[in-house]
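# Analysis of the macromolecular model
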Amino acid sequence: MIRRRSLLTFAGVGGAALTLPGAAAAHAAPSPALSPAPTAAAGPGPIDLPGPTVRRPVGTVSLRLVDQDRQDPFAPVPGPRELMVQLWYPATGTAGRARAAYTTARVAAVLERSAFLDPGTFGRLRPTARVAAPPVPGALPLLLLGHGRKGGRSNCTALAEELAAHGYLVAALDHTYDAAAVEFPDGRVVLSVLEEEPADWDAAERKEIGVRAADLRFVATELTTGRTVRRHPGLPCADPVRIGVLGHSMGGAAAAEAVRQDRRFAAGLDLDGGLFGSPVPDEGLDRPFLLLTALDDHDTWRRWREHQRGWGRHLRQRDSGHLSFTDLPHAAGPGHLADHAPPEVYAQLFGTIAPERATELARTYVRVYFDRFLRGRPSPLLNAPSPRHPEISFVWSRG
């Protein structure tokens, strides 16, 4: 089961039920639905995430969005589905804007425990983006970004900032009750309710992927119809005809299902996620889809390749682990994760590739892929192996 779980989860080495002290009670007064991403706190030994490869300022802001048309199937008390979404976007400048924190302190505590990191590790991670920096004018191509099972919206911050610096509006979701912890503007912290080992994996995956795909579709609607922008002037604008969707692990499976369900999504991308929980492996997709994986192959990927009808690629990143596509490799060393994880598990999660190189490769191939299908900018990197990127091999191609 470890191979199945490694293709579903964010941390993969955790799994115990987690309790955050004080999370049950809200200690803060209610805040507006729009809340700036938390600002970074000063502290010893900062860990800088790799900055964008182009010198363009990046802004970020977090939003609370509520789907009044959908009941949350995971909530203990019936109510509409409630999400936190973080936006990254190209900004006109960052003067006077605080540097964003990686996540909130309370969410960081949960993630650190689930990943067996030293307390305070995520608090030391420093992104590049600035809080609520003014966005560039005009409609931006939109990329929806999903996290792994029991992960969180900040898990691929370095990737999101790179895409934003290159002109994309990136919207990363916390899938509430699935994410390890979600903190809302009024101070509530909602923990994951997902079982570590469901009695019926197939049923659990179908439910989880169905909810995630509905979340992605809802957020796309909110950001492209102008409803959210009208409620919160000053947000970046999304182009309704240039939308892509991607995710890591289970987020990749949800991206595939979202493309299957919704023709607004022009292209999808899966970062090392088994295609569980949907008909995609046995039906394929009629639009572009890219698999970028650490594992050499998987049954759901083989079935998808047999049935894919649109453009498709399966690229493998050599020497990598399941978490090489996230920010966790940058935190694992400083957070002494290797001291707490068995060597064979650590190798499965991170491989032997250097964190900086893993981030560089993921950023490069994700960007050129969406540049091709959302901006009409072809790249030879999608057609054949490159001597500049020898770690990337072509497992399969169509189109």
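Residues numbered from 1 in each chain as written. Predicted model: local features only at pLDDT ≥ 70, side-chain atom pairs only at ≥ 80, totals over all residues. Heavy atoms only, no water.

As a further point, take the packing of helix α5 (residues 201-224) against helix α7 (residues 250-261). Closest axis-to-axis distance for the α5/α7 pair is 8 Å, and the angle between their directions is 65°. Relative to α7, the crossing made by α5 is right-handed. Counting all contacts with α5, which are made through E205, E208, I209, R212, A213, L216 and R217, the residues of α7 involved are M250, G251, A253, A254, A255, E257, A258 and Q261. (Axes fitted to C-alpha atoms, helices over the stretch in contact; angles between N-to-C directions. Helix = DSSP H or I, 4+ residues; strand = E, 2+ residues; numbered from the N terminus. Left-handed = near helix turned anticlockwise from the far one by under 90°. Contact = heavy atoms within 4.5 Å.)

Applying the stated criterion across every chain yields a total of 31 salt bridges. Taking the shortest distance from any N to any O, the salt bridge between R188 and D186 comes out at 2.7 Å. Among the salt bridges present, the one from D371 reaches R367, with a minimum N-O distance of 3.5 Å. In this pair, D371 and R367 both sit in helix α12 (residues 355-375), 4 residues apart, roughly one turn of the helix. It is possible to trace a salt-bridge network through shared partners that takes in D67, R70, D72, R81 and D215. (Salt bridge = Lys/Arg side-chain N within 4 Å of Asp/Glu carboxyl O.)

It is worth spelling out the pairing of strand β3 (residues 58-71) at this point. Both β3 and strand β4 (residues 80-90) contribute to a ladder of 11 bridges, which runs antiparallel. Each residue of the ladder has a partner; that of T60, found in β4, is W88. Taken together, the 2 bridges between β3 and strand β6 (residues 130-131) define a ladder with parallel strand orientation. Looking at β6, one finds that G59 is bridged to R130. (Pairing = 2+ DSSP bridges.)

So, on to the pairing of strand β11 (residues 237-248). Note that strand β7 (residues 139-146) and β11 share 7 bridges and pair parallel. Its bridge partner being in β11, G146 is matched across the sheet by G247. Here 6 bridges tie β11 to strand β12 (residues 265-271), and the two strands are oriented parallel to one another. Along β12, the bridge assignment pairs H248 with L271. For the crossover that starts at β11, traverses α7 and ends in the parallel β12, the hand is right-handed. (Right-handed = clockwise from strand over helix to strand, strands pointing away.)

A residue is classified by how much of its surface remains accessible, and D371, at 6% relative accessible area, is buried. The residues contacting D371, other than those within four sequence positions of it, are Y168, G376 and R377. (Buried < 20%, exposed > 50% of the residue type's maximum accessible area, 1.4 Å probe, protein only.)

Here the focus is the nonpolar core. Residues L87, L144 and V219 are the most contacted members of the largest nonpolar core, which totals 43 residues. The element best represented in this core is α7, accounting for 7 residues. Once you skip the residues sitting within four places of it in the chain, L87 turns out to touch G59, T60, V61, L63, L169, V170, A171, L223, L235 and P236. Counting residues in each nonpolar core, the second largest holds 37 residues, with L143, A165, L269 and L374 among its members. (Core = buried A, V, L, I, M, F, W, Y, C linked by side-chain atoms within 4.5 Å.)

Limitation: the analysis is restricted to geometry and does not speak to function.
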